[in-house]
Amino acid sequence: MIHPVVLCGGCGTRLWPSSRRAYPKQFIGLLGKETLFQSTLKRVSGPEFDAPIVMTNAEFRFIATEQCNDIGLTDARVVIEPAHRDTGPAVLAAALMLQDTPEALMLVVPSDHILADRDGFLQALTTGVTAAGQGQLVTFGVTPTHAETGYGYLDLDGDATDAGTAHPVKAFVEKPDGETAARLIATGTHLWNSGMFLFRVGDIIKAFETHAPDIVGPCRTAIETGAEDLGFFRLGGAAYEQARASSIDFAVMEHADNIVAVPLSSPWSDLGSWDTLWAQSQQDADGVVTQGGAMAIECRQTLLRSEEPDIQLVGVGLDNIVAVAMRDAVLVADITASQQVKHAVTAMQAASIAQADHHPRFHRPWGWYETLCLGDRFRVKRIVVNPDGVLSLQSHLHRSEHWIVVAGTAHATVGDEQRLISENQSIYIPLGVVHRLSNPGQVPMHLIEVQTGAYLGEDDITRFEDAYDRTSGNTSDI
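Just so you know, these numbers come straight off a predicted model, no measurement behind them.

Student: Explain the overall build of the protein here, please?
Tutor: If you tally the helices and strands in the protein, you get 11 helices and 30 strands. At 24 Å, the protein has a C-alpha radius of gyration in line with the 23 Å of a compact globule built from 478 residues. Projected onto the principal axes, the alpha-carbon positions of the protein cover approximately 70 × 60 × 40 Å. When each of the 478 residues of the protein is scored for burial, the buried share is 52%. Put simply, of all contacts in the protein between residues at least 6 apart along the chain, 68% involve residues at least 24 apart. By element, 51% of the accessible surface of the protein is carried by carbon and sulfur atoms, the whole surface being about 20400 Å². Each charge class in the protein can be summarised by its mean position, and for the 34 positive and 59 negative side chains these summaries are 4 Å apart.

Student: What's the story with the packing of helix H1 (residues 36-43) against helix H2 (residues 61-70) in this structure? I'm lost.
Tutor: The packing of two helices is summarised by the inter-axis angle and the distance between the axes. Following both chains from N to C, one finds H1 and H2 inclined at 55 degrees, their axes separated by 10 Å at the closest point. The angle between H1 and H2 places the two elements in the oblique class. The hand of the H1/H2 crossing is right-handed. Each of Phe37, Gln38 and Leu41 in H1 lies in contact with H2, whose residues at this interface are Ala64, Gln67, Cys68 and Asp70.

Student: What is the right way to read the pattern of salt bridges from this model?
Tutor: It is possible for side chains of opposite charge to pair when their charged atoms get near one another. Overall, the coordinates contain 21 salt bridges when judged by the stated rule. The partner of arginine 14 in a salt bridge is aspartate 270, and the shortest N-O contact between them spans 3.6 Å. With arginine 14 in the loop between strand E1 (2-7) and H1 and aspartate 270 in the loop between strand E13 (268-269) and helix H10 (274-280), this residue pair connects regions lying 256 residues apart in the sequence. For aspartate 270, a relative accessible area of 10% puts it in the buried group. Of the charged contacts in the structure, one is a salt bridge between arginine 77 and glutamate 228, with a shortest N-O distance of 2.8 Å. Taken together, the positions of arginine 77 in strand E3 (residues 77-81) and glutamate 228 in strand E10 (residues 227-229) put the pair 151 residues apart, joining distant regions of the chain. We classify arginine 77 as partly exposed; its relative accessible area is 34%. Via salt bridges that share partners, Glu308, Arg327, Arg361, Glu370 and Arg382 belong to a single interconnected network.

Student: Explain the packing of aromatic side chains here, please?
Tutor: Two descriptors summarise a pair of aromatic rings, namely the distance from one centre to the other and the angle between the planes of the rings. Using the criterion set out here, one finds nine aromatic pairs in the structure. An angle of 75 degrees between the planes, with centres 5.7 Å apart, marks the rings of phenylalanine 27 and phenylalanine 37 as edge-to-face. Remark: phenylalanine 37 occurs in helix H1 and phenylalanine 27 occurs in the loop between E1 and H1; sequence separation between them is 10 residues. Neither residue differs from the other here; phenylalanine 27 and phenylalanine 37 are each classed as buried. Each ring, one from phenylalanine 27 and one from phenylalanine 60, has its centre 5.4 Å from the other, and the planes form 70 degrees; the classification is edge-to-face. Note that phenylalanine 27 is positioned in the loop between E1 and H1 and phenylalanine 60 in the loop between strand E2 (53-57) and H2, a separation of 33 residues in sequence. Chaining the aromatic ring pairs together yields one cluster made of Tyr23, Phe27, Phe37 and Phe60. One cation-aromatic arrangement involves arginine 361 over tryptophan 368; the distance from NZ or CZ to the ring centre is 3.6 Å.

Student: Help me understand the sheet that holds strand E16 (residues 303-306) in this model?
Tutor: Ordered by their spatial adjacency, four strands build an open sheet running E14-E16-E18-E19, and the pairing between neighbours is mixed. For this open sheet the edge positions go to strand E14 (289-292) and strand E19 (330-334), each flanked by a neighbour on one side alone. On average, adjacent strands in this sheet sit at an angle of 5 degrees to one another, irrespective of strand direction.

Student: It is not clear to me how helix H11 (residues 341-350) should be interpreted in this structure. Could you clarify?
Tutor: Along an α-helix, residues three or four apart share an orientation, since each turn contains 3.6 residues. Residues of H11 that are buried: Val341, Val345 and Met348. Taken down its axis, H11 places every buried residue within 60 degrees of arc, on the same side. Looking one or two residues past H11, serine 352 carries a phi angle of roughly 60 degrees, positive in sign.

Student: Honestly, a nonpolar patch on the surface in this entry has me stumped. Any pointers?
Tutor: Judged by side-chain polarity, Met295, Ile297, Val314 and Val316 come together as a nonpolar surface patch covering roughly 340 Å² of accessible area. For the nonpolar patch, the elements supplying multiple residues, two or more each, are strand E15 (294-297) and strand E17 (313-316). Residue position: methionine 295 is located in strand E15. Its relative accessible area of 43% is what places methionine 295 among the partly exposed residues.

Student: Would you take a moment to explain the side chain of arginine 399 for this structure?
Tutor: Tracing the chain through its elements places arginine 399 in strand E24 (residues 399-407). Assessed through its relative accessible area of 5%, arginine 399 is described here as buried. In this structure the side chain of arginine 399 is engaged in a polar contact, spanning 3.3 Å, whose partner is the side chain of histidine 396. Among residues more than four places away in sequence, those in contact with arginine 399 are Leu431, Gly432, Gln451, Thr452, Gly453, Tyr455, Leu456, Gly457 and Asp460.

Student: Teacher, can you tell me more about the pairing of E3 here?
Tutor: When a strand is regular, its side chains alternate between the sheet's two faces. The buried fraction of E3 amounts to four of the five residues, a majority that puts the element mostly inside the structure. Sheet analysis places E2 next to E3, joined by five bridges and oriented parallel. Paired with threonine 56 across the bridge in E3 is isoleucine 80. Handedness of the β-α-β unit built from E2, H2 and E3 comes out right-handed.

Basis of the calculations
- Residues numbered from 1 in each chain as written.
- Predicted model: local features only at pLDDT ≥ 70, side-chain atom pairs only at ≥ 80, totals over all residues.
- Heavy atoms only, no water.
- Helix = DSSP H or I, 4+ residues; strand = E, 2+ residues; numbered from the N terminus.
- Rg over C-alpha atoms; globule rule 2.2 N^0.38 Å.
- Buried < 20%, exposed > 50% of the residue type's maximum accessible area, 1.4 Å probe, protein only.
- Contact = heavy atoms within 4.5 Å.
- Areas by Shrake-Rupley, 256 points an atom, 1.4 Å probe, with all protein chains shown as cover.
- Lys, Arg positive; Asp, Glu negative; His and termini not counted.
- Charge placed at Lys NZ, Arg CZ, Asp CG, Glu CD.
- Axes fitted to C-alpha atoms, helices over the stretch in contact; angles between N-to-C directions.
- Parallel < 35°, antiparallel > 145°, perpendicular 65-115°, else oblique.
- Left-handed = near helix turned anticlockwise from the far one by under 90°.
- Salt bridge = Lys/Arg side-chain N within 4 Å of Asp/Glu carboxyl O.
- Phe/Tyr/Trp six-rings, centres within 6.5 Å; stacked < 30°, edge-to-face > 60°.
- Lys NZ or Arg CZ within 6 Å of the ring centre and 35° of its normal.
- Pairing = 2+ DSSP bridges.
- Arc of directions from axis to C-beta.
- Patch = residues over 30% accessible without salt bridge, like charges linked within 9 Å, V, L, I, M, F, W, Y side chains within 5 Å.
- Polar contact = N/O pair within 3.5 Å; in protein donor to acceptor, adjacent residues only side chain to side chain.
- Right-handed = clockwise from strand over helix to strand, strands pointing away.

Pasting the structure below:
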């Protein structure tokens, strides 16, 4: 059995505004209803694989679990990283969780990549299993189709087109400029670095002990001091924060002498920019891609995407343009410059622009909400509570609320009163009164909340009880 380890972090900058720090690209249906995270889970499911370990952070833990459940994967083990420390500590922590079976194989895969040919992936994996069983640390390289500057490269000791063979890796090459990338491809000995790895548990632990021993101690202690928490395993925070932030490439792979690469000829992309999404999408005869409520008139080589049903995006006479419309942000860029979107996000972050990181729809353990209208002393929200979802028992110092149920049934607690609220019914929550909302039904419950008061910030909340362990005083609604 192969133990898949799915890396599910990410900062969500390169596909802004669809992808943001609060809701990165792996959770979005960029090429259909199925998300990249779900496609990855399906790719590493089946008789060859054990239940996956999902390495993520506290903010994404319920989103990850919900998307696992949506595809019928109920046995995934979700591990919470208390701090972002890059892929090196994440991979080592997962290996240490499997250290009782040092001969077991461990497959590390990012959660946000596209790999169209699963059969080709399994064939490459078979070659990798043989090499890993002999003590090699295996990485999978993708046969280049063009001089890509957004990927790192693997320099092989052998013919990069020789599929079915594990080639020794001479060097890891950082993302090159265009001229260098063209030269690397011309050698015939270079592959794109896919960020996927395969090794025995004992071998990767030994590699960290040899090449990055300073990471091992904090990760061991984080496992020992970790604990089960609402069905998740939460790594010990104080210890994990002491681990040096490093990618697995920098920490181990670039220093070890037992690295081999298996060529992967399947179409692959890390969807690292809007032009790569355009290239992976179904285009019309003029190279135009439209997604959602988008229309193109006399356009060429263009991607138009609207993520809001109420926003119709129309492009007229565009050439080599990407335009993405959301409720709170719009991107318009030359498609060849889409790698620079992350710099725009950095500039917005420096200017404290909320849209840089925050998504218009805020996902919570119980469901999600979005602001429909915000004015002086009032805010209107749409709130969706999943079946069995329960908001915390809470109160507010500065605002009162009106709840109007528009679909489903809500169970409301307001002070000493408890009642069911059906569709088209409402209830009022005075300022300062302890209250709670839950969905006892079998379908999502939709609610309109009208807030009025002097201060409407999300941090105006005191929790008294919470099903999701969020009762540490006045905290924002996460």
